[in-house]
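Geometric and topological summary
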Amino acid sequence: MKKNLETICIHGGWKPAKGEPQQLPVYQSTTFRYDTSEQMARLFDLKDEGYFYTRLANPTNDAVAKKIAALEGGVGAMLTSSGQAANFYAIFNICQSGDHFVTSNTIYGGTYNLFGVTMKKLGIECTFIDPEWDDERIEAAFRPNTKCFFGESISNPGGKIFDIERFAEMAHRHGVPLIMDNTFPTPINCRPFEWGCDIVTHSTTKYMDGHATQVGGAIVDSGNFDWEAYAEKFPGLTTPDDSYHGLTYTKAFGKMAYMTKLVSQLMRDLGSIPAPQNSFLLNIGLETLALRMRQHCSNAQKVAEWLENHEKVGWINYAGLKNDRYHALAEKYMPDGTSGVIAFGLKGSREEAIRFMDNLEFISIVTHVADARSCVLHPASHTHRQLSDEQLREAGIAPDLVRLSVGIENAEDIIADLRQAMDKM
């Protein structure tokens, strides 16, 4: 039977048989035993499914990956050791030296640096575009060697909503997949595959965990992109892989071609796996994801409305507000709520924003976001400090921008802490 998201959060990925543990167990083992050499050989040749080394597959990790795939509506998923690793693997799985991709310029600062600096050293070039540009200007960024288009469903930290349907159609016109980071809304509030997106990534460190207990990432494939239709663009998937005796992923695995290559080639060689214990902790967080997202969004709406009317607030970005420029897109793609993250600026200097944060009592200044606890950050001084002033402007990061992640505490208490901090300014 088809299950709703709340039920998948609890039961997805792990179905205990008679006498097995109700809670997903931690398979804390590097390796798995077989009776014959032939059994092991078939696993290494990708002819059989099974577990033989945790870098490639682990029952705890795989159960959690299956749950996330079910939540997103994908054919498969793979967990990684961080959200950054997930974004890197998602691109690198179809890009190699000499290739190019297009990306939104409003993405998280760490991802901006990964794409614009680190991947460039590997010979993979990207072009940053402003999603506010018209189609003609954005499409001019695509090249014959372009392999994908990347964006964030809700930009971190700016709170801008990505027009999924528009950019999916654009990517497909150029024969490439749309890859999206869906960390902030989670699949509870946004289902990118339903709007044409092909591949989704997550920093599971954020709302999926929700309690700051583990660092992790995930990649989910919709199974919808037709790699064979653009075979010349994606030789890694559509031509024989010498490291597996000439196996061709699209022919051997169909809709699971992209995911199989991720695990059997990239994870085999680069090894950015999560520890099974981390996946166990992530799974506990996932069980309450739907409940927490409702509370995060409800609290954030109240806080955003209070901030919008405060005399010391110069501006605010939160798509749940009716006057927000992205409200219509939020209503289209995230009708049940966006996230608990608010971007706003205080009247006055950059130092005013810092002074405000220093005055807070229980709202924490941490390099984190999307936690059960309310927390705050000044991106220009913290997460995006590696960017130049010009790059900050290109990414839509104002010097006074404060990123407030509204937790699941009582909303009135959160507002009271904000009020007392502003009263001291």
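These numbers were taken from a predicted model, which means no experiment stands behind them. (Residues numbered from 1 in each chain as written. Predicted model: local features only at pLDDT ≥ 70, side-chain atom pairs only at ≥ 80, totals over all residues. Heavy atoms only, no water.)

Things to note about the overall build of the protein
If you tally the helices and strands in the protein, you get 17 helices and twelve strands. Against the 2.2 N^0.38 benchmark of 22 Å for 425 residues, the protein shows a C-alpha radius of gyration of 22 Å, consistent with a compact globule. Summarising the internal contacts of the protein: among those between residues at least 6 apart in sequence, 72% fall at separations of at least 24. Roughly 17900 Å² of accessible area belongs to the protein as shown, and the carbon and sulfur atoms make up 50% of that amount. For the protein, the distance from the average site of its 41 positive side-chain charges to the average site of its 53 negative ones is 3 Å. (Helix = DSSP H or I, 4+ residues; strand = E, 2+ residues; numbered from the N terminus. Rg over C-alpha atoms; globule rule 2.2 N^0.38 Å. Contact = heavy atoms within 4.5 Å. Areas by Shrake-Rupley, 256 points an atom, 1.4 Å probe, with all protein chains shown as cover. Lys, Arg positive; Asp, Glu negative; His and termini not counted. Charge placed at Lys NZ, Arg CZ, Asp CG, Glu CD.)

Concerning the pattern of salt bridges
Summed over all chains, the structure comprises 15 salt bridges. Put simply, Asp35 and Arg33 hold a salt bridge, and the shortest N to O gap is 3.0 Å. Here the two residues Asp35 and Arg33 agree in accessibility, since each one is exposed. Its salt-bridge partner being Lys332, residue Glu165 comes within 2.7 Å of it at the nearest N-O pair. Remark: Lys332 occurs in helix H14 (residues 327-333) and Glu165 occurs in helix H7 (residues 164-173); sequence separation between them is 167 residues. (Salt bridge = Lys/Arg side-chain N within 4 Å of Asp/Glu carboxyl O. Buried < 20%, exposed > 50% of the residue type's maximum accessible area, 1.4 Å probe, protein only.)

A word on the sheet that holds strand S7 (residues 217-221)
Ordered in space as S1-S7-S6-S5-S4-S2-S3, the seven strands form an open sheet in which the pairing is mixed. Edge positions in the sheet fall to strand S1 (76-80) and strand S3 (125-129), since each has one partner strand and no second. For this sheet, the mean inter-axis angle between neighbouring strands, taken without regard to orientation, is 20°. Bridging between S1 and S7 involves five bridges; their strand directions are antiparallel. Looking at the pairing, Gly76 lines up with Asp221 of S7. Along the sheet, helix H3 (residues 59-72) makes contact with S1, strand S6 (199-203) and S7, crossing S1 at roughly 125°. (Pairing = 2+ DSSP bridges. Axes fitted to C-alpha atoms, helices over the stretch in contact; angles between N-to-C directions.)

Description of unusual backbone geometry
Here the bond from Asn156 into Pro157 is cis, since omega is 15°, no more than 30 degrees from zero. Here Pro157 is to be found in the loop between strand S4 (146-152) and H7. One non-glycine residue, Ala370, lies in the positive phi region at around 65°.

With respect to the side chain of His327
With respect to the helices, strands and loops of the structure, His327 is situated in helix H14. Within the structure, His327 has its side chain in polar contact with the backbone oxygen of Ala319 (distance 2.8 Å). When sequence neighbours within four positions are dropped, the list of residues in contact with His327 reads Ala319, Gly320, Leu321 and Lys322. (Polar contact = N/O pair within 3.5 Å; in protein donor to acceptor, adjacent residues only side chain to side chain.)

Re the packing of aromatic side chains
Pairs of aromatic rings are described using the distance from one ring centre to the other and the angle between the two planes. Taken as a whole and assessed by the stated rule, the structure comprises 19 aromatic pairs. With centroids separated by 5.0 Å and ring planes inclined at 90°, the aromatic side chains of Phe115 and Phe150 adopt a geometry described as edge-to-face. Of this pair, Phe115 sits in helix H5 (residues 109-121) while Phe150 is found in strand S4, placing the two residues 35 residues apart along the sequence. Exposure remark for Phe115: the relative accessible area of 1% places this residue in the buried category. Centre to centre, the rings of Trp227 and Tyr258 are 5.6 Å apart; their planes meet at 5°, and the pair counts as stacked. One end of the pair, Trp227, is in the loop between S7 and helix H9 (235-238); the other, Tyr258, is in helix H11 (residues 257-270), and 31 residues separate them in sequence. Across the pair, Tyr258 and Trp227 agree in class, each one buried. An aromatic cluster of at least three residues, connected via ring pairs, comprises Phe225, Trp227, Tyr230, Phe234 and Tyr258. (Phe/Tyr/Trp six-rings, centres within 6.5 Å; stacked < 30°, edge-to-face > 60°.)

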